[in-house]
Amino acid sequence: MGKRPLLNRSQAIRPFGPGALLELKGKTLVHGLADEWMKNSKSNNLIERLEEAKVLEIKLQKLFKTDYFLQLPTAPSLFTPGVITAYKFPRWGSCPGKCKRLDDMEALVSDVAKNRNTYKCSTCKRELIPSRLIVTCEDGHLDDFPWRAWVHMGVNCNGDLTFNAKNRSGRLSEIKVSCSCGMYRNLDKSTDETHFRNLALDENFGLLFRCKGRRPWLGLNFQTNETCNNPFIPAQRGRTDLYFPVVFSSIAVPPFTSDWNRFINKHWMTFHTLYNTTGLQAVLDLTIKQLIDSEGYSSDNKQAIIDDVYAKLEFEKGLNLDELDLQEHREIRKVHKKPFYNKEFHVESVSPSKNDLITRVTQIHRLREVSVLYGFTRLNAIPLGKKFNLSSETGFRDQFGQMGIKVHPSVAFHNYTEGDEEEYANWLPCIEVRGEGIYIEFNSIKLQEWSELDEIEERVNLLKQKIASNLNSISDEMEINAQLIVAHTFSHMIMNRLVLKSGYSSASLREKIYQNEFDGKLITGIMIYTSSSDAGGTLGGLVNQGRWDILYPLIKGVQKDAKWCSSDPLCSRQDMISTGGINLSACHACLLVSETSCSLRNSLLDRVLLTGTIDDPSIGLLNFLNI
């Protein structure tokens, strides 16, 4: 087991969740399972550790059929990062000194170095360099690069390997691996996937280039217990597609927010069990009253707390898991004559002056978001817009399997003994954050009228053709229309404007795109928000921009910004050139934002829908409407 590095709570979910490769303080590691988090907390009291780390979010608990969620514990204060378990990977490395030896690093270091948990060559006393080449497979396993098989091509030899780089151009063809037996080979084609597939098919030594099912994130005891025979896929250690977290997020909205939410969440399992057990409902009322008295709540609030408990229980019982996004959207877009306030959800409706673009604005002074890490994939991310049958008895893993994508769980081997099947814990890792935001809703009637223009329909069909040529990028189930694309494009433009005014960096802002049908109308809205894992949340710089006298000049600024990109005319004419993305007019100079900020992975963007073409600006939404 390697040295335990520090990660903050957010990093421990994404981008460095369980199974991810880490480079910390000169060491290369792989994050172990979240099951280890509780063992590593500095608090000796298990109950204290659980209570500090436990998070309850009723909607997601029902979705995943878990009792609760846990976030990375902190010790001793909320401002000190917690610790994780990480394992050394890759295990092979080379000496940069005179000996140039290449081997499992445990074999290259001295006993003294091992005792000090350092990796220095026993001959040259130089810090060993971890191999930059590793291998994975279509099922997401990880292993060291097959150095001996690469050099000897089927010859069984345990000679000493050396790693020699000529330091000229840095090309792989100039790096040579030699064996003391006299055989050698350079690294040309060492990252060629097709070449490795051909090697795996060779009848003489093909097994040497097939996956052994290793999972180093489980630790030394369990890393080889999964059968796999896929061809190796070579990869450089820093490849960004080696880890895709599968994260589900939920923003807490009424009735799952209240001033008594902390009390209700603390005792939720008790309330839930009594309410859903025949013959015990009569005990529930008495139990609630006793717990209220034991925790010192005022008698003036007793009935309000009881009513709140029953409201949540009744809503949870009839909750349709396939409408979580709809329910969230419904609550956020509500018009409140007076500001709606409780400790976890504080919103205020804004009346925009007459214009054709925006019909509704909501200042979200306070929100609470819980993001749950279900697992992770390698090489292939879950397609955007994939719809899961949330109410089905078929588990998520089976539904992922039907897509041909293997998802590794973030928590497994809970109380595991060798030889048993994987046993999943009754919790999942999460991050709970609090923040602020702005909700902006577009004029559905005007948006529908604009989207029916022939030029706009032609533009959307062009983007759909690009999507069809990019397999596994966007699910066929995702409904792509002009309203969604233009709202997403506007979201990125307004985020870039808000960065200049709100005091938050571009990486701090996030978006959420809503599109649902209400009263027979397709309603499209965007929420721009920021959040922090600090219990106090954020500082109000963003929500203040939701005042109409401040927001309206920002919208006019978007109209000005969208007209020209520094990469024009190429950017505005990307529909005419061959590009590998799934956008039309969009580039880093005008629309693309930080990966963590975009809910659609910087896809489905087209600036021309806002501004029109160079030949016909009138078809652009911001020119078509009176704003």
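Just so it is clear, the model here is predicted, and its values are computed rather than measured. (Residues numbered from 1 in each chain as written. Predicted model: local features only at pLDDT ≥ 70, side-chain atom pairs only at ≥ 80, totals over all residues. Heavy atoms only, no water.)

Overview of the overall build of the chain
- On a plain count of helices and strands, the chain comes out with 19 helices and 24 strands.
- Contacts spanning at least 24 positions in sequence make up 68% of the contacts within the chain whose residues lie at least 6 apart.
- Summed over all atoms, the accessible surface of the chain reaches about 29300 Å², with 48% contributed by carbon and sulfur. (Helix = DSSP H or I, 4+ residues; strand = E, 2+ residues; numbered from the N terminus. Contact = heavy atoms within 4.5 Å. Areas by Shrake-Rupley, 256 points an atom, 1.4 Å probe, with all protein chains shown as cover.)

With respect to the sheet that holds strand S2 (residues 21–24)
- Pairing within the open sheet is antiparallel, and its three strands lie in the order S2-S3-S7. Each edge of the sheet is formed by a strand with only one pairing partner; in this case those strands are S2 and strand S7 (86–88). If you compare each strand with its neighbour and ignore which way they point, the axes differ by 45° on average.
- Pairing geometry for S2 and strand S3 (residues 27–31), over four bridges, is antiparallel. Each bridged residue has a counterpart across the sheet, and for Glu23 the counterpart in S3 is Thr28. (Pairing = 2+ DSSP bridges. Axes fitted to C-alpha atoms, helices over the stretch in contact; angles between N-to-C directions.)

Observations concerning the packing of helix H16 (residues 482–502) against helix H17 (residues 548–561)
- Packing of H16 against H17 brings their axes to within 9 Å, and their N-to-C directions diverge by 115°. As H16 runs across H17, the sense of the crossing is right-handed. Here H16 contributes Phe490, Met493, Ile494, Arg497, Leu498 and Lys501 to the contact with H17, which in turn contributes Leu554, Ile555, Gly557, Val558 and Asp561.
- By residue class, the composition of the contact of H16 with H17 is seven nonpolar, one polar and three charged. (Left-handed = near helix turned anticlockwise from the far one by under 90°. Nonpolar A, V, L, I, M, F, W, Y, C, P; charged D, E, K, R; others polar.)

Thoughts on H16
- End to end, H16 covers 29 Å across 21 residues, agreeing with the expected 30 Å (1.5 Å per residue, within 8%).
- Along H16, 17 of the 21 residues are buried, which leaves the element largely enclosed by surrounding structure.
- Capping the start of H16, Asn481 holds a side-chain oxygen 3.3 Å from the backbone nitrogen of Gln483, two or three residues further along.
- Positive phi shows up at Gly503, right after H16, with a value of about 95°. (Expected span 1.5 Å × (residues − 1). Buried < 20%, exposed > 50% of the residue type's maximum accessible area, 1.4 Å probe, protein only. Polar contact = N/O pair within 3.5 Å; in protein donor to acceptor, adjacent residues only side chain to side chain.)

Points about the sheet that holds strand S12 (residues 142–144)
- Taking strand neighbours across the sheet as the criterion, the three strands line up as S12-S11-S16 in an open arrangement whose pairing is antiparallel. Each edge of the open sheet is held by one strand with a lone partner, namely S12 and strand S16 (233–236). Strand-to-strand, the axes of this sheet are offset by a mean angle of 40°, without reference to chain direction.
- When strand S11 (residues 133–136) meets S12, the two strands line up antiparallel, connected through three bridges. By the bridge assignment for S12, Ile134 is matched with Asp144.

Worth remembering: the numbers are spatial, not functional.
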